[in-house]
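Report on the structure
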Amino acid sequence: MISRALLLLGLLATPLAQASQNYLLIVAGRGGTDEYREQFRAASLRLYQAAIDAGLDPGNIALLSAIELPDDAPPRQNADKATLLKALRDIDARAQPGDRVFVVLIGHGNPRADGAAFNLPGPDITASEFATVLDSLGDRLVVIVNTASASGPFVRALSAPGRIVITATSSGREYHAT
């Protein structure tokens, strides 16, 4: 799952250097079990390091994690809904037209009557709520990678001109771990 996100960053490394600014938001959601917490922790830290290695400015990378990280890990904020929405608003305030925004969701998801949600501590964020905040990013290229189960409905909810949406599943009924 995360290898797709790493591949995406690797494939875009050259164009990234040419853009005005690039922003990366990594969100490691609830793990549920020790095994998943460790997988999500490792994946988020690998992705953070891959972004640094690809030349992204560390000041333009936000790491939100519901999982405790080691003491030597990059700075992180809690991965709750309010912090996630604030991180996207902060990117919107800093990013200029022509900048690129990458959002990678690492965790679990679940189907909902109105689509799907990404699991966070406290209230989850639904695909439609996510779409609303992404609309504020306007004409910036936005790449969203949702590695969660039941992530398929995010494609329809988040699709818009100037957006690339990649999900781990094709429907909300695929709710087992990806």
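Residues numbered from 1 in each chain as written. Predicted model: local features only at pLDDT ≥ 70, side-chain atom pairs only at ≥ 80, totals over all residues. Heavy atoms only, no water.

To continue, consider the pairing of strand β4 (residues 100-106). In terms of residue burial, β4 counts as a mostly covered element, since seven of its seven residues are buried. Side chains Arg100, Phe102, Val104 and Ile106 of β4 all project onto a buried face; the interleaved residues Val101, Val103 and Leu105 project onto the opposite face, where all are buried too. Relative to β4, strand β1 (residues 22-28) runs parallel, the two being bridged by seven bridges. Among the inter-strand pairings, asparagine 22 is bridged to a residue of β4, identified as arginine 100. Across six bridges, the pairing between β4 and strand β8 (residues 141-146) is parallel. When the bridges of β8 are listed, leucine 105 appears paired with asparagine 146. (Buried < 20%, exposed > 50% of the residue type's maximum accessible area, 1.4 Å probe, protein only. Helix = DSSP H or I, 4+ residues; strand = E, 2+ residues; numbered from the N terminus. Pairing = 2+ DSSP bridges.)

Further remarks concern helix α4 (residues 81-94). Here α4 is 14 residues long and its end C-alpha atoms lie 20 Å apart, about the 20 Å a rise of 1.5 Å per residue gives. Along α4, the residues classified as buried are Lys81, Thr83, Leu84, Ala87, Leu88 and Ile91. Buried residues belonging to α4 abut β1, β2 (61-65), β3 (77-78), β4, β7 (125-126) and α5 (127-135). Structurally, the start of α4 carries an N-cap: the backbone nitrogen of alanine 82 is 3.3 Å from a side-chain oxygen of aspartate 80. (Expected span 1.5 Å × (residues − 1). Contact = heavy atoms within 4.5 Å. Polar contact = N/O pair within 3.5 Å; in protein donor to acceptor, adjacent residues only side chain to side chain.)

All right, on to the packing of α4 against α5 then. Viewed as axis vectors pointing N to C, α4 and α5 meet at an angle of 25°, and their least axial separation amounts to 9 Å. Put simply, α4 runs roughly parallel to α5. Judged by the sense of rotation from one axis to the other, the crossing of α4 with α5 is right-handed. Facing Lys81, Leu84, Leu85, Leu88 and Arg89 of α4, the residues of α5 in contact are Glu129, Phe130, Val133 and Leu134. Counted by class, the contact of α4 with α5 contains six nonpolar, no polar and three charged residues. (Axes fitted to C-alpha atoms, helices over the stretch in contact; angles between N-to-C directions. Parallel < 35°, antiparallel > 145°, perpendicular 65-115°, else oblique. Left-handed = near helix turned anticlockwise from the far one by under 90°. Nonpolar A, V, L, I, M, F, W, Y, C, P; charged D, E, K, R; others polar.)

Taken together, the three strands give an open sheet; going across it, the order is β5-β6-β7, and neighbouring strands pair in antiparallel fashion. Whereas interior strands pair on both sides, the edge strands pair on one side only; in this sheet they are β5 (109-112) and β7. As paired strands, strand β6 (residues 115-118) and β7 are joined by two bridges and run antiparallel to one another. Residue alanine 117 lies in a different strand from β7, and its bridge partner there is threonine 126.

This model, assessed by the stated rule, comprises seven salt bridges. A salt bridge links arginine 41 to glutamate 38, with the shortest nitrogen-to-oxygen separation between them at 3.0 Å. Residue arginine 41 and its partner glutamate 38 are located together in helix α3 (residues 34-53), separated by three residues, close to a single helical turn. Glutamate 38 gets classed as partly exposed once you look at its relative accessible area, which sits at 41%. Where aspartate 90 meets lysine 86, a salt bridge forms, and the shortest distance between an N and an O atom there is 2.8 Å. (Salt bridge = Lys/Arg side-chain N within 4 Å of Asp/Glu carboxyl O.)

With that settled, the discussion passes to the sheet that holds β2. Sheets are built from strands paired through backbone hydrogen bonds, the pairs being either parallel or antiparallel. Read across the open sheet, the six strands follow the order β3-β2-β1-β4-β8-β9; overall the sheet is parallel. Two strands close off the open sheet at either side, each with one partner strand: β3 and β9 (163-167). When β2 meets β3, the two strands line up parallel, connected through two bridges. Within β3, the position partnered with serine 65 by the bridge is asparagine 78.

Turning our eyes to something else, we now look at the nonpolar core. The tendency in soluble globular proteins is for nonpolar side chains to be buried as a group. If you look at the biggest cluster of nonpolar residues, it comprises 29 residues, and the most contacted ones within it are Leu25, Val27, Leu84 and Phe130. Looking at this core, the elements with two or more residues in it are β1, α4, β4, β6, α5, β8 and α6 (153-158). The element contributing the most residues to this core is α5, with five residues. Excluding residues that lie within four positions of it along the chain, leucine 25 makes contacts with Ala62, Leu64, Leu84, Ala87, Leu88, Ile91, Phe102, Val103 and Val104. Counting 19 residues, the second largest nonpolar core, distinct from the first, contains Phe40, Tyr48, Leu63 and Val104. (Core = buried A, V, L, I, M, F, W, Y, C linked by side-chain atoms within 4.5 Å.)

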